[in-house]
Amino acid sequence: MMIRGKVVAILAFGTLFHYEATPTVAQRLSGETFLAAGKPGLENLENQALAVDNDPLGVANYLEGFRAGRALRQYASSMLTDGQANRLGKQWAALVADPDALARAERKDGSLWWPRAEDVGFFTGGVSYALSKHPQAIQAFSKGAGRPEPKAGQEIEEWLNEAAASLSRPARSAFDRAFRAAATR
């Protein structure tokens, strides 16, 4: 009876410790994680990747809100050089999977905004930049994204922007502006 109580107490403590020690997505998105200068270390890269896996739109929104194109380009490049192009492709595919949500406008400050198109455009721009620097990863990225590879002679930017082709002109404009902001070389 006494042993059973200790086991339950140890399990409860272990569960509580695991719960409190596991960072939330919001904690992973601290300025230290995505906005730090320099290349992310392997531990930071995995934390960043987990954050994107768990909340790709939240990460895209967070980075776009800070205009953290450099951090995004760095993250995408690190994923590609670390052999995680397939995973990055899946993360990107999760963002572009719902074109209706991308095209949805919101009223803010008396005007219309396309926040999701903007956030996804920003993320796509960072990925485009990284893929242009690491073209050897295109095949694995496209497999993860569930898309055919670019056609012969097709630019990476054009290939990735096909995901926004069906957007309305204003939503496409928001996507394109954010894309250019993140892809700045």
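Relevant structure appears above.
Analysis parameters
- Residues numbered from 1 in each chain as written.
- Predicted model: local features only at pLDDT ≥ 70, side-chain atom pairs only at ≥ 80, totals over all residues.
- Heavy atoms only, no water.
- Phe/Tyr/Trp six-rings, centres within 6.5 Å; stacked < 30°, edge-to-face > 60°.
- Helix = DSSP H or I, 4+ residues; strand = E, 2+ residues; numbered from the N terminus.
- Lys NZ or Arg CZ within 6 Å of the ring centre and 35° of its normal.
- Axes fitted to C-alpha atoms, helices over the stretch in contact; angles between N-to-C directions.
- Parallel < 35°, antiparallel > 145°, perpendicular 65-115°, else oblique.
- Contact = heavy atoms within 4.5 Å.
- Salt bridge = Lys/Arg side-chain N within 4 Å of Asp/Glu carboxyl O.
- Left-handed = near helix turned anticlockwise from the far one by under 90°.
- Nonpolar A, V, L, I, M, F, W, Y, C, P; charged D, E, K, R; others polar.
- Core = buried A, V, L, I, M, F, W, Y, C linked by side-chain atoms within 4.5 Å.
- Buried < 20%, exposed > 50% of the residue type's maximum accessible area, 1.4 Å probe, protein only.

A. Representation of the packing of aromatic side chains in the model. Overall, the coordinates contain three aromatic pairs when judged by the stated rule. With a centroid separation of 6.4 Å and 25° between ring planes, the pair formed by Phe175 and Phe179 is classed as stacked. One end of the pair is Phe175 and the other is Phe179, both in helix H12 (residues 169–183) and four residues apart, which spans about a single turn. Through a chain of ring-to-ring contacts, the aromatic side chains of Trp92, Phe141 and Trp159 assemble into a single cluster. Over the aromatic face of Tyr129 sits the side chain of Arg73, whose NZ or CZ is 5.2 Å from the ring centroid. In this arrangement the basic side chain of Lys108 is found over the ring face of Trp113, its NZ or CZ atom lying 5.3 Å from the centre.

B. Structural view of unusual backbone geometry. Its identity is not glycine, yet Asp109 carries a phi of approximately 55°, on the positive side. Position of Asp109 among the secondary structure elements: in the loop between strand E1 (106–108) and strand E2 (111–113).

C. Geometry of the packing of helix H5 (residues 56–65) against helix H7 (residues 85–96). The interhelical angle for the contact between H5 and H7, taken along N-to-C directions, is 85°, at an axis separation of 9 Å. Looking at the two axes, H5 sits roughly perpendicular to H7. Residues Pro56, Leu57 and Ala60 of H5 lie in contact with H7, whose contacting residues are Gln91, Ala94 and Leu95.

D. Examining the pattern of salt bridges more closely. In the structure shown here, the tally under the stated rule is four salt bridges. Arg87 is paired through a salt bridge with Glu46; the nearest N and O atoms lie 3.0 Å apart. Separated by 41 residues along the polypeptide, Arg87 in helix H7 and Glu46 in helix H4 (residues 42–54) bring together distant segments of the chain. Across the pair Glu162 and Arg147 runs a salt bridge whose closest N-O atoms are separated by 3.1 Å. With a gap of 15 residues between them, Glu162 in the loop between helix H11 (156–161) and H12 and Arg147 in the loop between helix H10 (138–145) and H11 connect regions that are remote in the sequence. Here the residues in one salt-bridge network are Glu46, Asp53 and Arg87, joined through shared partners.

E. Seen up close, the packing of H7 against helix H9 (residues 115–133). Viewed as axis vectors pointing N to C, H7 and H9 meet at an angle of 160°, and their least axial separation amounts to 10 Å. If you check the angle between H7 and H9, you find them roughly antiparallel. Both H7 and H9 take part in a crossing whose hand is left-handed. Taken together, the residues of H9 that come into contact with H7 (itself represented by Leu88, Trp92, Ala94, Leu95 and Val96) are Arg116, Val120, Phe123, Thr124 and Val127. A class-by-class count of the residues in the contact of H7 with H9 yields eight nonpolar, one polar and one charged.

F. The arrangement of the nonpolar core in detail. Leu88, Phe123, Leu131 and Phe141 are the most contacted members of the largest nonpolar core, which totals 47 residues. Setting aside anything within four residues of it in sequence, one finds Phe123 in contact with Val52, Ala60, Leu72, Leu88, Trp92 and Leu95.

G. Just the side chain of Glu118, in detail. For Glu118, the position within the fold is in helix H9. Filtering out sequence-adjacent residues up to four positions away, Glu118 remains in contact with Glu64, Trp113, Ala174 and Ala178.

H. Looking closely at the side chain of Ser142. Among the secondary structure elements, Ser142 is positioned in helix H10. On the basis of relative accessible area, Ser142 is assigned to the buried category, the value being 3%. Discounting chain neighbours no more than four positions away, the residues touching Ser142 are Arg147, Pro148, Glu149 and Trp159.

By themselves, these are just geometric observations and shouldn't be taken as functional.
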